[in-house]
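Residue-level structure breakdown
Residues per chain, in single letters:
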Amino acid sequence: MSLLDLLSIFTMVKGFVGYLTLVVLMFTGWHTHASSIIELNPPRAVVRYGDSVSVKCSKAAIGHQGMGWEAKTGGVGLKENVNSIIWTVENLTDWTVEPKCYFIRNDGKQYLKVLPVILYKTPDIVSISPLNHSDLIVEGNQYQLQCNIQKVAPLQNLVVKWYKGHESIEATTYRNSSNKTPVNVSPTFTINPSREDDGAQFRCEAELHLGPGGPQTPPTVTSELLNVIVLSPPKFFNPEAEVQEVRAGDKINLNCTASGNPTPVYNWTPALDVQNNQMNKAVLTLSSELAGTYNCTASNNLGTIRKTFTVHLTPNGHSITFWVIIGSGVCLALGLCVCYAVVKMKTGPESII
């Protein structure tokens, strides 16, 4: 047998002995104070899927028979005469990896410490879409939006944030999940749209909150924007009936403007001004000769609303001023006459007053 064959057999036996030692240790129990004896640096590994990882395991300055790493990926067999040992993987893709650093003291006591590993993967795709409806929605009804997230891990670290414009409006979490491998999820969000939401832009974001040892800024993948069109029936800005006054020779505007989607169509009755093409406009301009009562309707395919305007003709402002002056003069003259008569009576008929 050659020297090379002997070395090969020795390596296999050594590896088997190291594995057998680990099995024995697991069945005989580990010392309960391993956390104070063994130090891991870093104490927690947060690794992007496919990236490298390296963690140093050190022990207290006490005599020992040897130390090593037990792991399905990157394991290190029992090594003698060392005070530290490194677990290294160049391309970590094992979702269930759970490395354990161990050593055995000279007195036979055994110590083991588990390295917490979070292997994470950002989603391949994040998209947003209406659920069971189009992006045309009607005011007053309830709808759901769905965020489609493909291949994300681990699920318990995922936070799905919903936005309307720049405002964060909801967050969905999966803290109770224990799934470590990539999954697809499709959380939903309920909206109750109003006409003010017409043209609003919604989006969702998938964030991985990985805690200590992870990126300070959570890895995030954002969906495209979803533009929402909200259909709404007509609604007057001022719905109350109006009574207005116009002076002779002047004009007045009657404003019937309403909001709504599609844009409302207007109609005025009675149709006195068809020749000026005003009867289908939101604002009707009248002269004083057309004082009276007018009804306006605003309509779209979702409804029709009505409003009444009453226009009264008032006397011209200059005429009022003239008669006020005349009336004041007459009152003044009458007052002077009364005063003169009273004084004359008191002073007698011979008075020179």
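Residues numbered from 1 in each chain as written. Predicted model: local features only at pLDDT ≥ 70, side-chain atom pairs only at ≥ 80, totals over all residues. Heavy atoms only, no water.

Per an unreviewed UniProt entry, the protein chain is named Ig-like domain-containing protein, and its organism is Umbra pygmaea. Annotation of the protein chain in UniProt includes, under Subcellular location (unreviewed entry), the sentence "Membrane". (UniProt positions renumbered as here; feature names shortened; annotations may be inferred.)

Turning to the state of the cysteines, a few remarks are in order. Inspection of the entire model under this criterion finds three disulfides. Shown here is the disulfide that connects Cys147 with Cys204, its sulfur atoms set 2.1 Å apart. What sets the handedness of the Cys147 and Cys204 disulfide is the S-S torsion sign, and at about 80° it is right-handed. Of this pair, Cys147 sits in strand β12 (residues 143-152) while Cys204 sits in strand β17 (residues 201-208), and the two are 57 residues apart along the sequence. For Cys147, a relative accessible area of 0% translates into the label buried. The exposure class of Cys204 is buried, given its relative accessible area of 0%. There is a disulfide in this structure between Cys256 and Cys296, and the S-S distance comes to 1.8 Å. On the S-S bond that ties Cys256 to Cys296, the torsion sits near -90°, and the link is left-handed. (Disulfide = S-S within 2.5 Å. Helix = DSSP H or I, 4+ residues; strand = E, 2+ residues; numbered from the N terminus. Buried < 20%, exposed > 50% of the residue type's maximum accessible area, 1.4 Å probe, protein only.)

Moving on, we come to the packing of aromatic side chains. With the rule as written, the count across this model stands at five aromatic pairs. Measuring from ring centre to ring centre gives 4.9 Å for Phe103 and Tyr111, while their planes differ by 10°; the resulting arrangement is stacked. With respect to class, Phe103 is no different from Tyr111; both count as buried. Relative to Phe309, the ring of Trp268 lies with its centre 5.4 Å away and its plane at 40°, an arrangement referred to as tilted. Here Trp268 is found in strand β24 (residues 265-269), whereas its partner Phe309 is found in strand β27 (residues 303-314), with 41 residues between them in sequence. (Phe/Tyr/Trp six-rings, centres within 6.5 Å; stacked < 30°, edge-to-face > 60°.)

The four strands are arranged β21-β27-β26-β24 in an open sheet whose pairing can be described as mixed. Of all the strands in the sheet, just β21 (242-247) and β24 have a single pairing partner and so form its edges. Taking each pair of neighbouring strands and ignoring which way they run, the sheet shows an average axis angle of 25°. For β24 and strand β26 (residues 293-300), the ladder comprises five bridges, and the chain directions are antiparallel. Paired with Tyr266 across the bridge in β26 is Ala298. (Pairing = 2+ DSSP bridges. Axes fitted to C-alpha atoms, helices over the stretch in contact; angles between N-to-C directions.)

Moving on: the side chain of Ser223. For Ser223, the position within the fold is in the loop between β18 (220-222) and β19 (226-227). Aside from chain neighbours lying at most four places away, what touches Ser223 is Val126, Ser127, Ile128, Arg203 and Cys204. (Contact = heavy atoms within 4.5 Å.)

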